[in-house]
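Close look at the chain arrangement
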Amino acid sequence: MKITGGQVYLGGPGKNYVTLRLETDQGIVGLGDGTLNNRESLTAAYLSDYILPMLIGMDPRRSEDIWQFLYRGAYFRRGPIAMAAFGAVDIALWDIKAKLAGLPLYELFGGRSRDGCLVYAHATGADIGELMDSVAYWQECGYRAVRVQCGVPGMPTAGYAVPEAAGAGPHYITDFSGIRPAVEIWDTDRYMRFMPDALARVRDRFGPELKLLHDVHHRLTPREAAVFAKSVEPVNLYWLEDPTPAEDQDALRLLRHHSTVPVAIGEVFNSIWDCNRLIEEELIDFIRVAVTYAGGITHVKRIVDLAGLHHVRTGFHGAPSHSPISMAAQAHLNVWAPNFGIQEYLVLGTPACDALFPSDHRLDDGLFHVSDAPGLGVDFDVAEAARYEYVAGSHPVVRLEDGTMWNY
Ligand code: CS2
Ligand code: MG
């Protein structure tokens, strides 16, 4: 069997999806996703200019060897752009493999470990009143888990709470602000004084059943993160996400020493080497890598297996920037993984997105049910794709009030 050609499509409804189509001499087409939020044209170029020409003539069934060829052959290791481009190829090769076998992808991993997979939505509001309405909206939609982000009084811009109108329904939270990023102002003291009480008020209002998650979005120092984690323990969060930047994997030791709050980290990682210590030393409870960003199914499955040895569950990233193709790949891993935790999943399906990526995956009663169609169970309408083009943009940057550059 041989790869005979392929195309890269850049664009989509509300997001610059990077979609890879691989064609084979047996008429089977594989779909992959290389969408790297905020820098999409770079992975598209990596695929078009370098990878696609190399793949022609290769046997698509040799997905492991092709992964090693791309990773070792690049010489300069890892990095988000390369690993997202490799991820697109890998997802497409697994799609081809499963279609060749006439099986849904999860069967190739080891079959189902569950029927439906727990998902969570994003509740947000510019103030506590809007936030309560937003939590109520997603609970009424059937979600059993909700991420809770609230604007902070006196914080000039939100504080990583996208001030959407409560109950806005299925929508893209496009955090893009044009190619020159908007500047958001952050004040840790205001956040530390306000957020624990806001989270406690949400817990009081919605009771003990609803799973509540909160994303600190890398904004605290390790010490501040330890103080904050301790202060929110009474809220009984399902997880506290990205409490402190984790390039320094040792930074989590302090928090772990002072608090039992569950910690979720990983959406900015692109390889097992970014998180192996966090997992092996059990400094986290959930690993948040995204299949596209972390080199595709082949590499992420290694991360999931390592996590499974250390009581770490999966909580794959699933922001609205993720294509239905990468979300489908994650859905198949979710239904197989013995150490599955939860999946971030916002888009309830918009007509434009469903027209571009037809599939019979479905959300029911707060659980995601993956398609049993052969392969990923998602298609790509090439004619529909012609309606979209790339729109350059970046999400905001963050500075402290004195102008110091901080973490978005
Ligand atoms: C967020 C992301 O969903 C999340 O957990 O951290 O939406 C993040 O802000 C974006 O992916 C950044 O591009
Ligand atoms: Mg996050």
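This text gives an overview of the structure that appears in the document. For every chain, the first residue of the written sequence is number 1, and numbering continues from 1 along that sequence. Here every chain gets a letter starting at A, and every ligand a number starting at 1, in the order they are written. pLDDT decides what is reported in this predicted model: residues at 70 or higher carry local features, side-chain atom pairs at 80 or more are listed and counted, and totals for whole chains, interfaces and linings draw on all residues regardless. Hydrogens and water are ignored here; the side-chain numbers use all heavy atoms of the structure.

So, the sheet that holds strand 16 (residues 405-406)
Reading across from one edge, 6-15-16 is the order of the three strands in this open sheet, with mixed pairing throughout. For this open sheet the edge positions go to strand 6 (183-186) and strand 16, each flanked by a neighbour on one side alone. The pairing of strand 15 (residues 397-400) with strand 16 spans two bridges and is antiparallel. Bridge pairing in strand 16 links V398 to W406. Any two strands with at least two DSSP bridges between them are considered paired. Secondary structure elements are defined from DSSP: runs of H or I of at least 4 residues count as helices, runs of E of at least 2 residues count as strands, and each element is numbered from the N terminus.

Brief notes about the coordination of the magnesium ion (ligand 2)
Each metal's donors are the N, O and S atoms found within 2.8 Å of it, except that Na, K and Ca use a 3.2 Å limit; water is left out, so coordination can look incomplete. Protein-derived ligands of the magnesium ion (ligand 2) are D215 (OD), E241 (OE) and E267 (OE), with the metal-ligand distances lying across 2.0 to 2.2 Å. Here the donor residues of the magnesium ion (ligand 2) share one chain and are spaced in sequence as D-x25-E-x25-E. Here the residue D215 occupies a position in strand 7 (residues 211-215), and E267 occupies one in the loop between strand 9 (263-265) and helix 9 (276-280), the gap between them amounting to 52 residues. Buried, partly exposed and exposed residues are distinguished by accessible area as a fraction of the type maximum, computed with a 1.4 Å probe on protein chains only: under 20%, between the cut-offs, and over 50%, respectively. Given a relative accessible area of 12%, E267 falls into the buried group.

Let's talk about the pairing of strand 2 (residues 18-24)
Within strand 2, six of the seven residues are buried, which leaves the element mostly enclosed by the surrounding structure. Judged from the seven bridges that link them, strand 1 (residues 3-10) and strand 2 form a sheet pairing that is antiparallel. Residue pairing across strands places G6 opposite L22, the latter belonging to strand 2. Two elements, strand 2 and strand 3 (residues 29-33), share five bridges in a ladder whose sense is antiparallel. Its bridge partner being in strand 3, L20 is matched across the sheet by G32.

Comments concerning unusual backbone geometry
For D242, which is not a glycine, the phi torsion comes out positive at approximately 40°. D242 gets classed as buried once you look at its relative accessible area, which sits at 2%. Its identity is not glycine, yet H311 carries a phi of approximately 60°, on the positive side. Within the secondary structure, H311 is located in the loop between helix 10 (297-309) and strand 11 (313-314). Of the residues examined, H311 reaches a relative accessible area of 66% and is grouped as exposed.

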